[in-house]
4 protein chains.
Amino acid sequence: MSGLHEECGVFGVFCPGGAKDVASTVYYGLYALQHRGQESCGIAVNDDGLFQHYKDVGLAGEVFSPSVLEKLGPGNMAVGHVRYGTTGGGGRLNAQPIVVNHRKGRMALAHNGNLVNSQQLRDRLEMEGSIFHTTSDTEVISYIITKERIRSSSIEEAIDRAMEVIEGAYSLIVMSPAKLIAVRDENGFRPLCYGQTAEGDYILASESCALDAVGAAFIRDLEPGEILVFSRDGIRSIRSHCGKRPKTTCIFEHIYFARPDSVVDGVSVHHARKTAGAILAQTSPAEADVVIGVPDSGIDAALGYAGAAGIPYGVGFIKNRYIARTFIAPGQKAREDKVKIKLNPIEETVRGKSVVMVDDSIVRGTTSARIVKLLRDAGAREIHVRISAPPFLNPCYYGTDIDSQDLLIACHHSLDEIRELIGADSLGYLPLDRLHELIGTPPGVGFCCACFSGKYPTAVPESGRKNRFEQKIGGKAKARAAEI
Amino acid sequence: MSGLHEECGVFGVFCPGGAKDVASTVYYGLYALQHRGQESCGIAVNDDGLFQHYKDVGLAGEVFSPSVLEKLGPGNMAVGHVRYGTTGGGGRLNAQPIVVNHRKGRMALAHNGNLVNSQQLRDRLEMEGSIFHTTSDTEVISYIITKERIRSSSIEEAIDRAMEVIEGAYSLIVMSPAKLIAVRDENGFRPLCYGQTAEGDYILASESCALDAVGAAFIRDLEPGEILVFSRDGIRSIRSHCGKRPKTTCIFEHIYFARPDSVVDGVSVHHARKTAGAILAQTSPAEADVVIGVPDSGIDAALGYAGAAGIPYGVGFIKNRYIARTFIAPGQKAREDKVKIKLNPIEETVRGKSVVMVDDSIVRGTTSARIVKLLRDAGAREIHVRISAPPFLNPCYYGTDIDSQDLLIACHHSLDEIRELIGADSLGYLPLDRLHELIGTPPGVGFCCACFSGKYPTAVPESGRKNRFEQKIGGKAKARAAEI
Amino acid sequence: MSGLHEECGVFGVFCPGGAKDVASTVYYGLYALQHRGQESCGIAVNDDGLFQHYKDVGLAGEVFSPSVLEKLGPGNMAVGHVRYGTTGGGGRLNAQPIVVNHRKGRMALAHNGNLVNSQQLRDRLEMEGSIFHTTSDTEVISYIITKERIRSSSIEEAIDRAMEVIEGAYSLIVMSPAKLIAVRDENGFRPLCYGQTAEGDYILASESCALDAVGAAFIRDLEPGEILVFSRDGIRSIRSHCGKRPKTTCIFEHIYFARPDSVVDGVSVHHARKTAGAILAQTSPAEADVVIGVPDSGIDAALGYAGAAGIPYGVGFIKNRYIARTFIAPGQKAREDKVKIKLNPIEETVRGKSVVMVDDSIVRGTTSARIVKLLRDAGAREIHVRISAPPFLNPCYYGTDIDSQDLLIACHHSLDEIRELIGADSLGYLPLDRLHELIGTPPGVGFCCACFSGKYPTAVPESGRKNRFEQKIGGKAKARAAEI
Amino acid sequence: MSGLHEECGVFGVFCPGGAKDVASTVYYGLYALQHRGQESCGIAVNDDGLFQHYKDVGLAGEVFSPSVLEKLGPGNMAVGHVRYGTTGGGGRLNAQPIVVNHRKGRMALAHNGNLVNSQQLRDRLEMEGSIFHTTSDTEVISYIITKERIRSSSIEEAIDRAMEVIEGAYSLIVMSPAKLIAVRDENGFRPLCYGQTAEGDYILASESCALDAVGAAFIRDLEPGEILVFSRDGIRSIRSHCGKRPKTTCIFEHIYFARPDSVVDGVSVHHARKTAGAILAQTSPAEADVVIGVPDSGIDAALGYAGAAGIPYGVGFIKNRYIARTFIAPGQKAREDKVKIKLNPIEETVRGKSVVMVDDSIVRGTTSARIVKLLRDAGAREIHVRISAPPFLNPCYYGTDIDSQDLLIACHHSLDEIRELIGADSLGYLPLDRLHELIGTPPGVGFCCACFSGKYPTAVPESGRKNRFEQKIGGKAKARAAEI
């Protein structure tokens, strides 16, 4: 319900034993990663150097009919992508994987993350006469790798050199005619792991839940800065970029983006969320009869809160499972209350009670206010809102859409004002100084929490946040990049 | 995950104040009732005697685009339907509401339930030269009402007479040029309730959660046998069929079909399920570290079990929210394990633990066996399966697809054999003699549990169960009624 | 370009040798009959008593994908239908064949024509408690046959009796579990013929061009009143209704509806049209440099005129082949001149010349005026319009949409006024008293020309034309029967 | 029926008076140019520097729904494209206009033609690190212009320089933020003209029939080598490349590609075809009763033959207007004779007669053989085939798909062998030395007829025809560039 979005999920498969139905394997993987991006998706299949690809707007189940999967044909490797994109723009044009032709053959790229120096790189490339078909970072990356490829003896060498140039967040899967290559940026902002199936095929995925979906056993996460090359000669790890920077994995992966059944960098997402709830029970206790979570992502933290506080956990809401991403509310009145269509409180659970309601975030505050009102209307006596994250105060430059301070309620209002605005009896956020407990590291170590703290682990885009914001509200400027 | 299906959900709206956008209101109602039927849906709008209707296979969100809703136009009343149908057959042809023309004008019917004497009625009608376009009971009902209408002074009188003839389970909404009429059979097999919005519009729905979805306040459930007429002259209740038979509402509505946030015949569905879990904790206790539910319908009973047993409740599985009803698993291997695509265990919750796993039913046993195996592979030490219903032993003739003893595992295996087959360490069903506690009635009173007990509250179809089964396996016979 | 429409085309196949891919055969037949109806189409396949059918709005090529044809399966007989319907209403609901279940099994009906007593029959049936799902005559016919079937020993006997009751224009194909039956009304208003393929399969079709399309050799036209039964026992002709009335085939089939490559009742349509042109050259001669036809239906008559007058024939217009029936002209200006998008004059042919332009009809006059203006703008010096039919003065009750005098320009204007309104230098219609020459019969014998002459060969609907017109303009009344 | 295909049609609009609904104007233009390409189409709209574009596989009427046109929004200029592409590959990816971002802003390109040095240019660009998303020449052109743009003071200067580099056939429309620019290659291979509407908007189009469709008055054809710039400052013609090479417009535009109602380089296409027929009447006379044309493109030449020979012209075939480009023939038997579904002879015209049948070309001979057989089966006594073009003997490198000598029947067979193979009684081609008469130039001047003569007006691709052929049959090599 939070309105926040991760930009992408990537998935790859490499079959040492030769061509098989890799498209279906990727298809299952994309299903499992669908929560990371619902706007568009794509699959590129490589059959011994011959590429077939297909991508379009829509969910994996909408884009990939059995006949499309069949046309993609068998292959010895493949790469897939799910993408979240801004409403109305981009669409099919920015769908990934990007498949390009260059001097040394074809290349497919799937990318999760966001560069901080893409504008500078793009300016430089355009000065050299490069043309761009899309507005995405990924096309910039494909150019940089291509340029390096001309003077490199191998694709992995080109990637290694490109990593000297590109800065920011990127978990990449690159497919060349003969190799499948996974890359994780030096900070390790976005997750990336790999595993192996019983048949011996290697699987790459943004999250371990996608390994589970295709029956692959988890092997390990990629290290920040690592380049992992799968080819006929086996697996090779290139670690020349490892250890250059402190690891700063996005903590919001654990709080919200990742699926609870995934294990990211060795930590169970479900466990991290329960821990957040348990911390909240200590730092923001409440006299209450029941603890409920806002589905789906508030459920785990609610259980953690309930357990730590010794208050019964209850099912507070039923979420309508048939409301798709593309749901358009017809009629005037309904348009005003989409929340009601999606969530319905269980009166039995809350009537006459003091309720702790756990959610993962408050962005603008409007959704939270509506959810609180639903509970109030269902007869809750007191409503204590607990947020399993600190307040958002800063834009994110690493691949999420937390980006304008003007829209973030916590930038303009005190805790008590927010409580008042959302109509809660009390309000508590997860303290910033306890975030590290979610993943069991020392304070401030091993994760990025710049959206909460403002401390960015890399240089930020030159034009800074002001420019970003102008792009957002500058309708015409935005339209420049739009394809219907 | 159970593979059982309710046949339908009905929804109606009557606006005393004149025409408005009733199509959108029904659309929201169908969204809220979508769990009762996902094969096809339809809406008929009545604008002062002029009918417009549209129906097709698909979910409400797929069938009703904004432009289709707009074409349905404004009206002072409307009726909608969601339908579950057998795979491959029926489809668009059997979608409801049925809209027919007869001597006295147009009539739309939406029906939830199943007649027990439809074959006899159909035989009789055919002997008189009637033709049938569909294979559904609803067309039979529309004929019976039409025939009675010829000699009746009003549509409600015709319905009253028709109720002397039709037998079995039916919650109906009938729309005539000037009236909206709700009907519940004498046994009250299927739920039906009504409420009113702040604007004064009356809403009819199979479940109260659909009243919530359109912002209507619940007024009351219809009584078994009641005919409720909405017209310009206000509301009129015809009770000539009330009290003729003992009330026998389907208990499986509470166990599985209805949404937990609905209140059916005065009982919270969520509460009934928690009660089932609590009873199981008494009748089938287990030494365990955690209690988990199989999503979505096992969650409430698991909470009840956990609370009653004093064992912590945990989130055991993540259900993939993007697997649609129409999901087709491509590839050979995957086809063998659809369960894995839909459910993924959270290892954190179950590894090394003794787990109580609560589900709502075991039909053939194959799905249960796979779910147990998922837990075992995720490291569960012991798995104690608890079912929040008694074993299925008999076919249902009242509108569900529990119908062949040959497919029901409990008809052919002992408790211990079933436990063995599904791979559990222990297995416990809800005792038949405690079912009444779910809805707080005296033992054996107020509900139908024929699928468990074999005690049918009405006569059953002449040809009995054998014939039904033959129809199922008789491919050609079945095809007779098929439209693609 | 005339804006007139035939209501339907029918096609059937019977395979004495057993089941085969009859759906594809019908599909080809419907392609060849597509000019007779472009709104909806359908196919019903009978595999030894088991029926499968599919129908929808759209052209044959849109409705029948290879996968849909495959699902229809093999069969030993099949029936198909193309239908023209009024804009906005009817649609999928009124698509044919109608497939119904009655006492003696299933029955599929495909119908071309229009009854004159359908309202009386419908009233009677409704009084007996019959319900109607559609507003089409065909459902009435199916009821009448069904009622007669109860007391008849065979389907053909029932049809024979039904023919005593139904009046008007009907070319029918009826499919029972074991028989395929073709029926032509006593007047023979609409064409119907049959032939046989090299494999021995019998083909029924509205026009002989559909026999050609499936490689069948033409055998003969059905006689007015004939019932032709195809079964395992061979072919049987029932002629009890033959000779009861004078044959009055619709002359407009030859003038406009039928394809020029068809032979209807022994007369080449192409030849009949050339004859019309030749007569016009005598009755309305012109001093001209070139004779052109308005594509497509004016071409043949133009050739006839040119030949008889000794004036060169030229290609006057190019018709855009990509403007589909569903073409929606966006933009205001374009909406005003759809004709221009469809037709473009060849300046080379007409500049500076005196031109004879032959078309098949003038309905409201607006389209003709625009076409004349196109020629004028392309530099034609003089434009002599010749119409290969007499003026429309009366509604048609036999299955075309020539129906309101209020819309027919010839009802309200003199020849010279019409000439003036369409901007022609001269205007000539085919004389009524020479119509018989098109088909080589004695004057006034063998054809219906009621739309020109007002002499109806049957009783006309009781309510007469006034009522029909009211239905047309009575928006609400019309909507009564509408499905989106 | 010939199986030959033009590769593209281009259309542009420039409104000096400011933004309006240019998308609809382009839409109508594409309808009129649809015969030049039916695989994919696209429109790019420029609203004062802001670009919106949409393209997809399908006809204009399929791709551009009213809602898509509306989303493209108003603009002061726009460009559109229709494309023919090889079956199965390319598809959406190679659809045009190409819209790219470069240093100086956005640029849209629509291209008709084929470069002869695209492979060398592409090799060079790839060596510099350029990446290619498509396999089309157009992307190469966009790179060359972009590279020149860096060092040029204007887009037209960049285009002028690019023309020094690119060689071959190209009629281009380039849209920059502030200008719409039309370009025709130095040989003038492909047509390109412009006109103006009554409102003062300028229209660019491949053929004049598209000017007619949007109500624009023809102004003139572009000269070979001309660059025509439309901007706020008016129209500017850059002629630095004019007169560098002899004009060699593709003669097959007149014979087959262009629409008869177009005037190309001052010559009426209809007139050119009639002339071809008249020449054939002299060079290949026949004793015959009737002259018929194979629709649609053989009609005009047939009229010319008939007129010159003094033999009556007749309508020999009806072409089914509902067979779309995407028609898939189901069923085995039918697949063997697609010609029969598309064409049906009019027996009335040919039975018992000696027939001259005029067609525009013979490619492989199989289609011609089937058409001759249709006539024979319809009773034609003698069939004299006349082809309104010389025999194909050489591949075309300028934008058509006449490309492998291995497939061209005339490369391997004598005239008499071909006559025998197609089953004709006599066969005559248009003599090469009279081709110039079609367009009224001196012998060998003003047109390219390399596909007949082998005399190429430019250098041909280095790898020559052999390589092209290998690419064709080299399935894997071809697949390299394929997107589904």
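Preceding block: the structure.
Residues numbered from 1 in each chain as written. Chains lettered and ligands numbered in written order. Predicted model: local features only at pLDDT ≥ 70, side-chain atom pairs only at ≥ 80, totals over all residues. Heavy atoms only, no water.

Draft legend 1. Region of interest: the sheet that holds strand S3 (residues 50-57) of chain A. Residues and elements named next belong to chain A. Strand order in this open sheet of seven strands is S3-S2-S4-S1-S10-S9-S11, and the pairing throughout is antiparallel. Here the strands that pair on one side only, and so sit at the sheet edges, are S3 and strand S11 (216-221). Across the sheet, the mean angle separating the axes of adjacent strands is 15 degrees when strand polarity is ignored. As judged from the four bridges shared by strand S9 (residues 193-197) and strand S10 (residues 202-205), these two strands associate in the antiparallel manner. Each bridged residue has a counterpart across the sheet, and for Gln-196 the counterpart in S10 is Tyr-202. Taken strand by strand, helix H1 (residues 22-33) contacts strand S1 (8-14), strand S2 (40-47), strand S4 (77-83) and S10, and its axis lies near 150 degrees from that of S1. (Pairing = 2+ DSSP bridges. Helix = DSSP H or I, 4+ residues; strand = E, 2+ residues; numbered from the N terminus. Axes fitted to C-alpha atoms, helices over the stretch in contact; angles between N-to-C directions. Contact = heavy atoms within 4.5 Å.)

Draft legend 2. Molecular detail of the interface of chain B and chain C. Taken together, the contact between chain B and chain C spans 43 residues of the former and 44 residues of the latter. Of the roughly 4,000 Å² buried at the junction of chain B and chain C (both faces included), carbon and sulfur atoms supply 53%. Scanning the region where chain B abuts chain C turns up four salt bridges. Here C:Asp123 and B:Arg103 are joined by a salt bridge, their closest N and O atoms 3.5 Å apart. Joining chain B to chain C, the criterion identifies eight residue pairs in polar contact (both at pLDDT 80 or more). Only strand S3 (50-57), helix H3 (66-72), strand S5 (98-102), helix H4 (118-127), helix H5 (137-150) and helix H18 (475-479) of chain B provide two or more residues apiece to the side of chain B that touches chain C. (Buried area = accessible area lost by both parts, 1.4 Å probe. Salt bridge = Lys/Arg side-chain N within 4 Å of Asp/Glu carboxyl O. Polar contact = N/O pair within 3.5 Å; in protein donor to acceptor, adjacent residues only side chain to side chain.)

Draft legend 3. Main features of the relation of the copies chain D and chain C. Its rotation angle being 180 degrees, the transformation that places chain D on chain C also includes 0.0 Å of axial translation and leaves an RMSD of 0.0 Å. Such a combination of turn and shift is consistent with a two-fold rotation axis. For chain D, the minimum C-alpha distance to the rotation axis belongs to D:Arg321 and amounts to 3.6 Å. Same-surface contact between copies: 100% of interface residues of chain D are shared with the interface of chain C. (Least-squares fit on C-alpha atoms with pLDDT ≥ 70 in both.)

Draft legend 4. Structural context of helix H9 (residues 269-283) of chain D. Residue and element names in this part refer to chain D. With 15 residues, H9 should cover 21 Å at 1.5 Å per step; its first-to-last C-alpha distance of 21 Å lies within 8% of that length. For H9, the complete set of buried residues consists of Val-269, His-270, Ala-272, Arg-273, Thr-275, Ala-276, Gly-277, Ile-279, Leu-280 and Ala-281. Of the residues flanking the start of H9, the one acting as N-cap is Ser-268, its side-chain oxygen 3.4 Å from the backbone nitrogen of His-270. (Expected span 1.5 Å × (residues − 1). Buried < 20%, exposed > 50% of the residue type's maximum accessible area, 1.4 Å probe, protein only.)

Draft legend 5. Main features of the relation of the copies chain B and chain C. Rotating chain B by 180 degrees and moving it 0.0 Å along the rotation axis overlays it on chain C with an RMSD of 0.0 Å. Most of the interface of chain B is mirrored in chain C, where 100% of its interface residues again form contacts.

Draft legend 6. Representation of helix H14 (residues 366-377) of chain C in the model. All names here are of chain C. Taking 1.5 Å per residue as the helical rise, H14 with its 12 residues ought to reach 16 Å, and the 17 Å between its terminal C-alpha atoms agrees with that figure. For H14, the complete set of buried residues consists of Ser-368, Ile-371, Val-372, Leu-374 and Leu-375. Axial view of H14: buried residues confined to an arc of 150 degrees, hence all on one face. Residue Gly-379 follows H14 closely and has a positive phi angle near 100 degrees. (Arc of directions from axis to C-beta.)

Draft legend 7. Local environment of the sheet that holds strand S8 (residues 180-184) of chain C. Residues and elements named next belong to chain C. Judged by pairing direction, the sheet is antiparallel, and its six strands sit side by side in the order S5-S6-S7-S8-S12-S13 without closing on themselves. Every other strand in the sheet has two partners, leaving strand S5 (98-102) and strand S13 (234-238) as the edge strands with one partner each. Averaged over all pairs of adjacent strands, the angle between their axes in this sheet comes to 20 degrees, without regard to strand direction. On top of the sheet, helix H5 (residues 137-150) reaches S5, strand S6 (105-115) and strand S7 (168-175); it is set at about 130 degrees to S6, its chief contact. This element, helix H6 (residues 155-165), spans S6, S7, S8, strand S12 (227-231) and S13 of the sheet and lies at about 15 degrees to S8.

Draft legend 8. Representation of the interface of chain D and chain C within the structure. Across the boundary between the two partners, chain D contributes 50 residues, which contact 50 residues of chain C. Interface area, chain D with chain C, both sides summed: about 3,900 Å², of which 63% is carbon and sulfur. For the pair chain D and chain C, the number of links is 12 residue pairs in polar contact (both at pLDDT 80 or more). Broken down by element, the side of chain D that touches chain C gets its largest block of residues, five residues, from helix H1 (residues 22-33) of chain D.

Draft legend 9. Examining the environment of B:Pro295 more closely. When you line up the elements, B:Pro295 lands in the loop between strand S17 (290-293) and helix H10 (299-309). A C-alpha to C-alpha distance of 37 Å links B:Pro295 and B:Met77, two positions 218 residues apart in sequence.

Draft legend 10. Seen up close, the pairing of strand S9 (residues 193-197) of chain D. Residues and elements named next belong to chain D. The element S9 is largely enclosed, with a buried count of four among its five residues. In textbook terms, the turn of a hairpin is the stretch between consecutive antiparallel strands, and for S9 and strand S10 (residues 202-205) this stretch comprises four residues, one of which, Gly-200, has a positive phi near 95 degrees. Two strands pair when backbone bridges link them, and S9 and strand S11 (residues 216-221) are joined in this way by five bridges, in the antiparallel orientation. Each bridged residue has a counterpart across the sheet, and for Cys-193 the counterpart in S11 is Asp-221.

Draft legend 11. Local environment of the pattern of salt bridges. Applying the stated criterion across every chain yields a total of 126 salt bridges over all chains. A:Asp261 is the salt-bridge partner of A:Arg259, the closest N and O atoms lying 2.7 Å from each other. The salt bridge involving C:Lys319 is made with C:Asp296; its shortest N-O contact spans 3.7 Å. Within this pair, whereas C:Lys319 is found in strand S18 (residues 317-319), its partner C:Asp296 is found in the loop between strand S17 (290-293) and helix H10 (299-309), the two being separated by 23 residues in sequence.

Draft legend 12. Summary view of the packing of aromatic side chains. Residue and element names in this part refer to chain A. Within this structure, the stated rule accounts for 66 aromatic pairs over all chains. Relative to Phe-230, the ring of Tyr-202 lies with its centre 5.2 Å away and its plane at 45 degrees, an arrangement referred to as tilted. Highlighted residues: Tyr-202 in strand S10 and Phe-230 in strand S12 (residues 227-231), separated in sequence by 28 residues. Since its relative accessible area comes to 1%, Phe-230 is described here as buried. Members of the aromatic cluster, connected to one another through ring pairs, are Phe-252, Tyr-256, Phe-257, Phe-392 and Phe-452. Taking the ring centre of Phe-132 as reference, the NZ or CZ of Arg-122 above it sits at 4.3 Å. (Phe/Tyr/Trp six-rings, centres within 6.5 Å; stacked < 30°, edge-to-face > 60°. Lys NZ or Arg CZ within 6 Å of the ring centre and 35° of its normal.)

Draft legend 13. Broad picture of the environment of D:Gly58. Residues and elements named next belong to chain D. If you trace the backbone, Gly-58 turns up in the loop between strand S3 (50-57) and helix H2 (60-63). When the C-alpha positions of Gly-58 and Gly-9 are compared, they lie 14 Å apart, and in sequence the two are 49 residues distant. For Gly-58, the residues in contact, after removing those within four places along its chain, are Gln-38, Glu-39, Ser-40, Cys-41 and Val-63.

Draft legend 14. Layout of the pairing of strand S20 (residues 354-359) of chain C. Residue and element names in this part refer to chain C. Burial runs high along S20: six of the six residues are buried. Here S20 shows two buried faces, one formed by Ser-354, Val-356 and Val-358 and the other by Val-355, Met-357 and Asp-359. Pairing of S17 with S20 involves four bridges; the strand directions are parallel. Of the residues in S20, the one forming a bridge with Val-291 is Val-356. As judged from the six bridges shared by S20 and strand S21 (residues 382-387), these two strands associate in the parallel manner. Looking at the pairing, Met-357 lines up with Val-385 of S21.

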